[in-house]
Structure formats: C-alpha cells, structure tokens
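These are the residues of each chain, in order.
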Amino acid sequence: MATISMQTGSSVLNATSHQGLERVTEASGLLKRVFERMIAAQEAAAMRRLARYHHALYVDLVKQDHRLAEEFFAAKSRSEA
C-alpha cells in the first residue's frame, strides 16, 4: 500500500515549490486503484454467492428428480452461452 507524505504548511496550489499537483495526481490515482479493487472484490463475491446458490438449487433438484436437475443444467448452459 502506498502512502503520501505531505509537508506541514505545504500548499497544494503552489506546485512549483512543493510538487502539490503531482501529489494530488498521485492521491487520486491511489484512490482510483482502491475503488477499482473494491468493485472487483464485490463482483467476485457476488459471483461466488450466485455459484453457491446454483449448486444448492441443483442438489435439491437432484434429490427430487434427476430430470429436473438435467433441465435446470441445460437451461443454465443455454443462458450462459
């Protein structure tokens, strides 16, 4: 993880003496990467939950009637194609 150090009394508006613009750019890049990783992690977790749900549904269908499970699996395969 990156850290951004700011000198006490440094002015972000005065880019020539304290590299304020570069620091703002670096901070915004860091925040953008953190946000992108959060979104990716959230999407991955949602896909894992969906996979667990589909597996549980498939197991329940197999217990009731294997033909229902086969139809479910075929319909799922068609929708993912």
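In case you missed it, the structure is sitting above this.
Just so we're clear, the structure is a prediction, and the values are computed from it rather than from any experiment.

### Focus on the overall build of the protein
- On a plain count of helices and strands, the protein comes out with 3 helices and 0 strands.
- Start at the N end of the protein and walk to the C end: the helices and strands fall as α-α-α.
- In the protein, of all internal contacts separated by at least 6 residues, the share reaching a separation of at least 24 is 6%.
- Accessible area of the protein: about 6900 Å², with a carbon and sulfur share of 61%.

### Some thoughts on the pattern of salt bridges
- A complete count under the given rule lists 3 salt bridges for this structure.
- Here Asp-65 makes a salt bridge to Arg-67, at a shortest N to O gap of 3.0 Å.
- The partner of Glu-80 in a salt bridge is Lys-76, with the nearest N and O atoms 2.8 Å apart. Pair noted here: Glu-80 and Lys-76 are both in helix H3 (residues 66-80), with a separation of 4 residues, about one helical turn.
- Under the relative-accessibility criterion, Lys-76 is labelled partly exposed at 22%.

### Examining helix H2 (residues 20-64)
- Here H2 is 45 residues long and its end C-alpha atoms lie 66 Å apart, about the 66 Å a rise of 1.5 Å per residue gives.
- All of the buried residues in H2 are Gly-20, Arg-23, Leu-30 and Leu-61.

The rules behind the values
- Residues numbered from 1 in each chain as written.
- Predicted model: local features only at pLDDT ≥ 70, side-chain atom pairs only at ≥ 80, totals over all residues.
- Heavy atoms only, no water.
- Helix = DSSP H or I, 4+ residues; strand = E, 2+ residues; numbered from the N terminus.
- Contact = heavy atoms within 4.5 Å.
- Areas by Shrake-Rupley, 256 points an atom, 1.4 Å probe, with all protein chains shown as cover.
- Salt bridge = Lys/Arg side-chain N within 4 Å of Asp/Glu carboxyl O.
- Buried < 20%, exposed > 50% of the residue type's maximum accessible area, 1.4 Å probe, protein only.
- Expected span 1.5 Å × (residues − 1).

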